[in-house]
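Report on the structure
Listed below, chain by chain, are the residues.
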Amino acid sequence: PEDKWRTCLDILISMRQTMAHTDGVYVRHEIHATDWVGGRGRIAKHVIPKGRRVALFNYILSAVTMLPGVQLFNAAVPPGQDERAFEWLVNRINMNMTKSGSRAILISDEGKAYDSILRRMRRFNPIPSRFGGWGAQGRTKSITVDRILEDITYRDSARSLFVQMADCCAFSLLRREVPTPKAKHYGYDQSFLILEPIMVKLANWRDPNPHGPGPSKQCR
């Protein structure tokens, strides 16, 4: 919620300050999950072993769960289907805003742009019925996106703690869905479960096991 933004920011800043105090982690060093747990990049004046980096990564995820009013939506799809994942997320955010009587803006990491998809969804957005049809309207119904303001705001992740947190959540989901030997060795294939208190599991009623591993996927 927008009225909790400052409180959330203060919690994330406090988390960074705590890591600086306990492990000497640079307060302004960008948290990029892949490099962080992979032992790449200098995040402090001294070397922090991979095992300790994973422990700090889990601490970061636990800080995300402490943000008041935060909700986590996930989309995991096979490689090359990121646009489908984006549509799912936009529809879920739009539904959430409709139910809460509010509106939202989208802030994304820099990289691939999805503005054209969002603009199309504002005009035409066919949604299949989970019950087999929408009556006289057929199997699909156009439910346009009307609760998301403006086009997407793209930010350099190094300048946004919130974008960095989204990256950490997505990486933890990726390693839960597609665990590597290294992830299993250090245990961060299970890190995603730390986020369970803020997961919106009803977002995908077709997923019989929201926590179970699946085929190779991209996670958003």
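The sections below set out a description of the structure shown in this document. (Residues numbered from 1 in each chain as written. Predicted model: local features only at pLDDT ≥ 70, side-chain atom pairs only at ≥ 80, totals over all residues. Heavy atoms only, no water.)

1. Here's the deal with the layout of surface pockets
Looking at the largest pocket, its volume works out to about 2,100 Å³. Looking at the largest pocket, it is lined by 50 residues, and the ones nearest its centre are Ile93, Ile105, Leu106, Ile107 and Ala166. Tallied by class, residues from the lining of the largest pocket come to 30 nonpolar, nine polar and eleven charged. (1 Å grid on protein atoms, 1.4 Å probe; cavity = no way out; pocket = protein on both sides within 12 Å on 5 of 7 lines; lining within 4 Å. Points joined across faces, edges and corners; volume = space filled by probe spheres on them. Nonpolar A, V, L, I, M, F, W, Y, C, P; charged D, E, K, R; others polar.)

2. Comments concerning the packing of aromatic side chains
What the rule picks out here adds up to four aromatic pairs. Clustering of aromatic rings is evident, with ring pairs tying together Phe57, Phe171 and Tyr188. (Phe/Tyr/Trp six-rings, centres within 6.5 Å; stacked < 30°, edge-to-face > 60°.)

3. Re unusual backbone geometry
Although it is not a glycine, Glu150 sits at a positive phi angle of roughly 60°. On the secondary structure map, Glu150 appears in the loop between strand E4 (140-142) and strand E5 (153-155). (Helix = DSSP H or I, 4+ residues; strand = E, 2+ residues; numbered from the N terminus.)

4. Points about helix H5 (residues 115-123)
All of the buried residues along H5 are Asp115, Ile117, Leu118 and Met121. Looking straight down H5, one finds its buried side chains confined to an arc of 165°; they lie on one side. Opposite the buried face of H5, at more than 90 degrees from it, the exposed residues are Ser116 and Arg123. If you follow the buried residues of H5, they end up packed against helix H4 (82-100) and E5. (Buried < 20%, exposed > 50% of the residue type's maximum accessible area, 1.4 Å probe, protein only. Arc of directions from axis to C-beta. Contact = heavy atoms within 4.5 Å.)

5. Quick word on a nonpolar patch on the surface
On the surface, a cluster of nonpolar side chains totalling about 280 Å² of accessible area is made up of Ile105, Ile107 and Leu149. Looking at the secondary structure, you find Leu149 in the loop between E4 and E5. Its relative accessible area of 42% is what places Leu149 among the partly exposed residues. (Patch = residues over 30% accessible without salt bridge, like charges linked within 9 Å, V, L, I, M, F, W, Y side chains within 5 Å. Areas by Shrake-Rupley, 256 points an atom, 1.4 Å probe, with all protein chains shown as cover. Salt bridge = Lys/Arg side-chain N within 4 Å of Asp/Glu carboxyl O.)

6. Regarding helix H1 (residues 5-23)
Taking 1.5 Å of rise per residue, the 19 residues of H1 would be expected to cover 27 Å, and the 27 Å separating its terminal C-alpha atoms lies within 8% of that figure. When H1 is considered as a whole, its buried residues turn out to be Cys8, Leu9, Leu12, Met15, Arg16, Met19 and Asp23. The buried side chains of H1 occupy one side of the element, clustering within an arc of 115° when seen end-on. Summarising the geometry of H1, the exposed residues directed more than 90 degrees from the buried face are Arg6 and His21. Tucked into the core, H1 has its buried residues touching helix H2 (33-38), helix H3 (50-65) and helix H6 (161-177). (Expected span 1.5 Å × (residues − 1).)

7. Digging into the side chain of Arg16
Position of Arg16 relative to the elements: it lies in helix H1. The charged side chain of Arg16 is buried without a salt bridge, its nearest counter-charge being Glu30 at 9.0 Å. Look past the residues within four positions of Arg16 in its chain and what remains in contact with it is Val25, Tyr26, Val27, Arg28, His29, Ile31, Leu161 and Gln164. (Lys, Arg positive; Asp, Glu negative; His and termini not counted.)

8. Points about the pattern of salt bridges
Applying the stated criterion across every chain, the model contains nine salt bridges. Glu87 is the partner of Arg120 in a salt bridge, and the nearest nitrogen-oxygen pair spans 2.5 Å. Highlighted residues: Arg120 in helix H5 and Glu87 in helix H4, separated in sequence by 33 residues. Classification of Arg120 as partly exposed rests on a relative accessible area of 32%. Across the pair Arg122 and Asp151 runs a salt bridge, and its minimum N-O distance is 3.5 Å. Here the residue Arg122 occupies a position in helix H5, and Asp151 occupies one in the loop between E4 and E5, the gap between them amounting to 29 residues. Within this structure, Asp82, Glu83 and Lys112 form a network of salt bridges that share partners.

9. Some thoughts on the nonpolar core
If you look at the biggest cluster of nonpolar residues, it comprises 34 residues, and the most contacted ones within it are Met19, Trp36, Phe57, Ile60 and Leu195. Looking at this core, the elements with two or more residues in it are H1, H2, H3 and H6. Broken down by element, the residue count for this core peaks at seven residues, all from H3. When near neighbours in sequence (up to four residues on either side) are disregarded, Trp36 contacts Met19, Val25, His29, Ile31, Ile43, Arg53, Leu56, Phe57 and Ile60. Among the nonpolar cores identified, the runner-up in size contains ten residues, and Phe86, Val90, Met121 and Val145 belong to it. (Core = buried A, V, L, I, M, F, W, Y, C linked by side-chain atoms within 4.5 Å.)

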